[in-house]
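# Descriptive structure summary
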Amino acid sequence: MMQTLQLHSLSDALREGLRLLSREATEVAASQEIRDFYRNAQAPTPAGVVPATADELAAADETEW
């Protein structure tokens, strides 16, 4: 993995891991803020954007990265 990410030391790998964890934590916090703001109601979509269907959401949940 270190070679794939072109990380040259264990310190670089740990730093990258912490960076990714921090980024994920920020995204989770932002998601929670949106849920809190809209009080668990559906957040509005931008003009011209059609909300995802239940099938599309289920397919997204099954996606493996």
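Throughout what follows, the structure given in this document is the object of discussion. Counting restarts for each chain, with residues numbered from 1 along the sequence as it is written. Thresholds applied to this predicted model are a pLDDT of at least 70 for local features of residues and 80 or more for the giving and counting of side-chain atom pairs; totals over whole chains, interfaces and linings are not thresholded and use all residues. Water and hydrogen atoms play no part in the side-chain values, which are based on all heavy atoms of the structure.

## Remarks on the environment of T53
- Segments assigned H or I by DSSP are reported as helices when at least four residues long, segments assigned E as strands when at least two residues long, and all are numbered from the N terminus. Tracing the backbone through its elements, the reader meets T53 in the loop between α1 (10-37) and α2 (54-62).
- What makes T53 partly exposed here is its relative accessible area of 40%.
- Considered as a pair, T53 and G17 are 36 residues apart in the sequence and their alpha carbons are 34 Å apart. Throughout, exposure labels follow a simple rule: accessible area from a 1.4 Å probe, protein chains only, divided by the maximum for the residue type, with under 20% read as buried, over 50% as exposed, and the rest as partly exposed.

## Remarks on the packing of aromatic side chains
- Under the pairing criterion, centres of Phe, Tyr and Trp rings, with the six-membered ring standing for Trp, must be within 6.5 Å; the plane angle then separates stacked pairs below 30 degrees from edge-to-face pairs above 60, leaving the rest tilted. On inspection of all chains with the given rule, the structure shows one aromatic pair.
- With 4.9 Å between their ring centres and 85° between their planes, F37 and Y38 make a pair best called edge-to-face.
- The exposure class assigned to F37 is exposed, which follows from its relative accessible area of 59%.
- Exposure remark for Y38: the relative accessible area of 31% places this residue in the partly exposed category.

## Things to note about the pattern of salt bridges
- Salt bridges are counted wherever a side-chain nitrogen of Lys or Arg sits within 4 Å of a carboxyl oxygen of Asp or Glu. Evaluation of the coordinates by the stated rule reveals three salt bridges.
- Linking D12 and R15 is a salt bridge whose minimum nitrogen-to-oxygen distance equals 2.9 Å. With D12 and R15 both in helix α1 and three residues apart, the pair spans about one turn of that helix.
- Residue E27 pairs with R23 through a salt bridge whose shortest N-O separation is 3.8 Å. Taken together, the residues span about one helical turn, with E27 and R23 both in helix α1 at a distance of four residues.
- According to the relative accessible area criterion, E27 is partly exposed, its value standing at 47%.

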